[in-house]
Amino acid sequence: MPLSEQEQRLLDEMERHLMSHDADVVSAPEAGRTLSYRNIVYGTILVLAGLGGLIVGLSTQLIVVGVIGFVLMLGGVILAVTPSRTLRAPSAARPRSSGSAPSGSFMDRMNDRWDRRQEGR
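Here the structure is a predicted model, which means the values were calculated and not measured.

1. Thoughts on the confidence of the model for the chain
Residues at a pLDDT of 70 or more form 72% of the chain, whose mean pLDDT is 78. Contacts of residues 89-97 to residues separated by more than four positions or lying in other chains number 5 contacts, the stretch itself having pLDDT below 50.

In structure tokens, the structure reads:
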């Protein structure tokens, strides 16, 4: 069932608000640490090499080769997901580009708008 025009406008406004205020909280790196693409590539290569070693170890029944392959896979995953330190400090305060400072929270404004709409009926 498609959204009505009013529902679509409300959804668009909520999305804009979320992207402008909450997206920087979600995408902000923790204490200047970010994932490194280099580490992701090296980690992926290690995982693939470890998987190959694990398969070879299982097929030839050499437990040592299988264990080494597993350790390589584990190390590759850890390397890929471990954030690396950046040399630059994160910017503490970014200027906002909003033209007018809204009074009250987003939900307060939505409730006020709903109340005005209900009074008009």
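2. Examining the pattern of salt bridges
The full count for this structure, using the stated rule, is 1 salt bridge. For Glu13, the salt bridge identified is with Arg113, shortest N-O distance 2.8 Å. One end of the pair, Glu13, is in helix α1 (residues 5-27); the other, Arg113, is in helix α4 (residues 106-119), and 100 residues separate them in sequence.

3. Thoughts on the environment of Val81
Turning to its location among the elements, Val81 is positioned in helix α3 (residues 63-81). Judged by its relative accessible area of 55%, Val81 falls in the exposed class. On a C-alpha basis, the gap between Val81 and Ile40 in space is 7.0 Å, while along the polypeptide they are 41 residues apart.

4. Topic: the side chain of Asn39
Positionally, Asn39 belongs in helix α2 (residues 37-60). Once you skip the residues sitting within four places of it in the chain, Asn39 turns out to touch Leu79, Ala80, Thr82 and Ser84.

5. Notes on a negative patch on the surface
Residues Asp108, Asp112, Asp115 and Glu119 make up a contiguous surface patch of negative charge. Along the polypeptide, Asp115 turns up in helix α4.

6. Some words on the packing of α2 against α3
Packing of α2 against α3 brings their axes to within 7 Å, and their N-to-C directions diverge by 165 degrees. Relative to α3, the element α2 is oriented roughly antiparallel. Along this stretch, α2 crosses α3, giving a crossing that reads as left-handed. Of the residues in α3, those in contact with Asn39, Ile40, Tyr42, Gly43, Leu46, Val47, Gly50, Leu51, Gly53, Leu54, Val56 and Gly57 of α2 are Val65, Gly66, Gly69, Phe70, Leu72, Met73, Gly75, Gly76, Val77, Leu79 and Ala80. Residues that form the contact of α2 with α3 fall into these classes: 14 nonpolar, 9 polar and no charged.

7. Topic: a nonpolar patch on the surface
A grouping of Ile63, Val67, Phe70, Val71, Leu74 and Ile78 is seen on the molecular surface, where their side chains present a nonpolar patch of about 600 Å² in accessible area. Topologically, Phe70 is positioned in helix α3.

Rules used in this analysis
Residues numbered from 1 in each chain as written. Predicted model: local features only at pLDDT ≥ 70, side-chain atom pairs only at ≥ 80, totals over all residues. Heavy atoms only, no water. pLDDT = per-residue confidence, 0-100. Contact = heavy atoms within 4.5 Å. Salt bridge = Lys/Arg side-chain N within 4 Å of Asp/Glu carboxyl O. Helix = DSSP H or I, 4+ residues; strand = E, 2+ residues; numbered from the N terminus. Buried < 20%, exposed > 50% of the residue type's maximum accessible area, 1.4 Å probe, protein only. Patch = residues over 30% accessible without salt bridge, like charges linked within 9 Å, V, L, I, M, F, W, Y side chains within 5 Å. Areas by Shrake-Rupley, 256 points an atom, 1.4 Å probe, with all protein chains shown as cover. Lys, Arg positive; Asp, Glu negative; His and termini not counted. Charge placed at Lys NZ, Arg CZ, Asp CG, Glu CD. Axes fitted to C-alpha atoms, helices over the stretch in contact; angles between N-to-C directions. Parallel < 35°, antiparallel > 145°, perpendicular 65-115°, else oblique. Left-handed = near helix turned anticlockwise from the far one by under 90°. Nonpolar A, V, L, I, M, F, W, Y, C, P; charged D, E, K, R; others polar.

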